[in-house]
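# Coordinate inspection notes
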Amino acid sequence: MTLPRSSSAARTVLKGAGQFFAIALYFAGIAGIVHYSVASHNVASESSLIELSQLGLLAATVFAFRRVAKLSQSLHHAAGLMSAFFLVLMIRELDATLDMVMHGFWKVPALIVTGLAIWPALKHWRETLTSLAHAIHSRHSTVLMIALALLLVYSRLFGMGELWEQAMGANYVRDVKNIAEESTELVAYSLIWLSALGYLVEAKKLSFVPKTRPSSTTIESDISV
């Protein structure tokens, strides 16, 4: 194995340290949101900073995947599905607000978005399957899968009332359970946004790659044919 030169290795290490510092600041901000919500005794309501941050991260994720769908032909169908999926999650987070129209009304726009996303995916199922394979092959898919497992599985199991009732016994406080569940969801959404941002940066880089001009020998062979 060829070792990198010392100068190149130093740049790589410094770049990695800078990336870690940026990510650390990002998650320090996420923790700050939780601290503020707890200090203001407002964790589980629709107007809490945690809930608003979750909606903001979801909106940013939906926008990012919509941009990926436009910029990348290979990820077009997969990014469209992911954008619709996170839009449905966003609608679900707004269920209390949409209940003002009618109880359970959030299901109506959620089903419309789902139908509009699934129909073209089924219509072009071969292209969709290939696009999903490209999305999974991307290095950003691992973070996305971990974040989804954290959101859909771990946060639900970790936020179960029975767990916290057993842990606190007679001193059970529902707000503590809500803090644990909502803060875990916030971390999951923040990871999802990082993954979506990675897909977007990758799509932008590929969209700016100049097309290679055909060589003179290729042109001559084409002419001779």
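Residues numbered from 1 in each chain as written. Predicted model: local features only at pLDDT ≥ 70, side-chain atom pairs only at ≥ 80, totals over all residues. Heavy atoms only, no water.

## Overview of the pattern of salt bridges
This is how it is decided: Within this document, salt bridges are pairs made up of a side-chain nitrogen of Lys or Arg and a carboxyl oxygen of Asp or Glu, the two lying within 4 Å of each other. Put simply, DSSP H or I for four residues or longer makes a helix, DSSP E for two residues or longer makes a strand, and each gets a number counted from the N terminus. Burial classes: relative accessible area under 20% of the type maximum marks a residue as buried, over 50% as exposed, and values in between as partly exposed (1.4 Å probe, protein chains only).
Throughout the structure, instances matching the rule amount to 3 salt bridges. The salt bridge partner of R156 is E185, with a shortest N-O separation of 2.7 Å. Of this pair, R156 sits in helix α7 (residues 141-158) while E185 sits in helix α9 (residues 174-207), and the two are 29 residues apart along the sequence. Judged by its relative accessible area of 5%, E185 falls in the buried class. In this structure, K177 engages E181 in a salt bridge whose closest nitrogen and oxygen atoms are separated by 3.1 Å. Here K177 pairs with E181, and both are found in helix α9, just 4 residues apart, close to one helical turn. This pair shows no difference in class: K177 is buried, exactly as E181 is.

## Topic: the environment of G115
On the secondary structure map, G115 appears in helix α5 (residues 107-123). The exposure class of G115 is partly exposed, given its relative accessible area of 36%. Sequence-wise, G115 and A84 are 31 residues apart; in three dimensions their C-alpha atoms are separated by 9.6 Å.

## What to know about the nonpolar core
What counts here: Remark: nonpolar core denotes a set of buried residues (Ala, Val, Leu, Ile, Met, Phe, Trp, Tyr, Cys) joined through side-chain atoms within 4.5 Å. When checking whether two residues touch, look at their non-hydrogen atoms; a contact exists if any pair is within 4.5 Å.
Counting 35 residues, the largest nonpolar core has F65, V68, M82, F86, L144, I192 and Y199 as the members making the most contacts within it. For this core, the elements supplying multiple residues, two or more each, are α1 (6-39), α2 (49-71), α3 (76-93), α7 and α9. A per-element tally of this core places α9 first, with 10 residues. Not counting the four nearest positions on each side in its chain, F65 is found in contact with A79, M82, S83, F86, L144, A196 and Y199. Listed in part, the 7 residues of the second largest apolar core include V88, I91, W106 and V113.

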